[in-house]
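# Architecture and fold: a report
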Amino acid sequence: MLQIISMYLEYLELEKGLSINSINAYRRDLTGFAESLDTDNICEITRQNVNRFIRDLKDNHYAITSIIRKIASLRGFFKWAYASGLTGTNPALALEQPKLPKKLPKVLNITEIETLLKENLTTTEHLIMELLYSCGFRVSELVNLKLADIDIKSKYIRCFGKGSKERIVPIGESAKKIIEEYLPYRELLISKFNLNTKRLLLSDTGHELTRQDIYKFIRKQGEKIHKHISPHTLRHTFATHLIENGADLRIVQELLGHSDVSTTQLYTHISKKRLKEVYFAING
């Protein structure tokens, strides 16, 4: 079973182009399922095995989002295994997903964003804030940016999103200015620490910035406005502010790298909610 899981993970990496983080998530989900079985033979796995695994997750109070992800992992795995002829049945066929309560993502208002951008930030920190907010990058996209992905003259950045999907994001004047300030500083770091890297973002101590570095920094920034925020909060804020200022939904979809516009439509609901809050704050 574990060997077949390894084959599937290799398929996801080579054929589907999934990121390392996504592949590791699939590995954890599928290995956990395999460890719950009484058999190592994929052909002996039944729907009852799958249902028992999901029931145990619920009994152990796993978050609904974790259960949904694990079910998706099982459905994808068994669909591939059946299509590949590795098993004669698909025990996860038509497996029902629990309903996830709709929850609007947290966003910051203009004043909060301006407060964070006016903080006493280093050049690198300012660039992180600017790129997350003005370009709407996912944190994985941000840390994987390379120097060659930036075209200052044409004012755009090339990034690679989920499934290695490429998109072009425009650079505003504010972002352009801070990038121009950062690049000479980056060269000093390269020289000082004798680095050989194509990555854009480097720490003051001479290492490539990681997802964890970015999360830690943004969390500390949130404390300054008494809010718990993450890099994704700035991505949500980027999209919401665009919609509130009249940006076309399809344009926002392209900028965010969403494959389906229905995902982007969430931000129209946020805007309506904020409109109601402002209205009732004024009119009682």
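Residues numbered from 1 in each chain as written. Predicted model: local features only at pLDDT ≥ 70, side-chain atom pairs only at ≥ 80, totals over all residues. Heavy atoms only, no water.

## What to know about the environment of leucine 9
The topology assignment puts leucine 9 in helix 1 (residues 2-14). On the basis of relative accessibility, which here comes to 5%, the residue leucine 9 falls in the buried class. For the pair leucine 9 and serine 22, spaced 13 residues apart in sequence, the C-alpha separation works out to 9.8 Å. (Helix = DSSP H or I, 4+ residues; strand = E, 2+ residues; numbered from the N terminus. Buried < 20%, exposed > 50% of the residue type's maximum accessible area, 1.4 Å probe, protein only.)

## Observations regarding the side chain of asparagine 90
With respect to the helices, strands and loops of the structure, asparagine 90 is situated in the loop between helix 4 (64-83) and helix 5 (110-117). For asparagine 90, a relative accessible area of 19% corresponds to the buried category. A polar side-chain atom of asparagine 90 sits 3.0 Å from the main-chain amide nitrogen of alanine 92. (Polar contact = N/O pair within 3.5 Å; in protein donor to acceptor, adjacent residues only side chain to side chain.)

## Some points on the nonpolar core
Counting 38 residues, the largest nonpolar core has Leu131, Phe137, Leu142, Ile157 and Ile214 as the members making the most contacts within it. Where this core is concerned, the elements lending two or more residues are helix 5, helix 6 (123-135), helix 7 (139-143), strand 2 (156-160), helix 8 (173-192) and helix 9 (211-224). The element contributing the most residues to this core is helix 6, with 7 residues. Contacts of phenylalanine 137, omitting those with residues within four sequence positions, involve Leu131, Leu132, Leu142, Leu145, Ile157, Cys159, Arg167, Val169 and Arg235. Among the nonpolar cores identified, the runner-up in size contains 26 residues, and Ile4, Leu12, Ile23 and Phe33 belong to it. (Core = buried A, V, L, I, M, F, W, Y, C linked by side-chain atoms within 4.5 Å. Contact = heavy atoms within 4.5 Å.)

## A closer look at the layout of surface pockets
Counted as a void, the largest pocket has a volume near 1,300 Å³. Forming the walls of the largest pocket are 42 residues, and the residues nearest its centre are Ser19, Asn21, Ser22, Ser140 and Lys162. With 8 residues, the single largest contributor to the lining of the largest pocket is helix 2 (residues 20-35). Across the lining of the largest pocket, the residue classes break down as 15 nonpolar, 15 polar and 12 charged. (1 Å grid on protein atoms, 1.4 Å probe; cavity = no way out; pocket = protein on both sides within 12 Å on 5 of 7 lines; lining within 4 Å. Points joined across faces, edges and corners; volume = space filled by probe spheres on them. Nonpolar A, V, L, I, M, F, W, Y, C, P; charged D, E, K, R; others polar.)

Taken by themselves, the reported measurements are silent on function.
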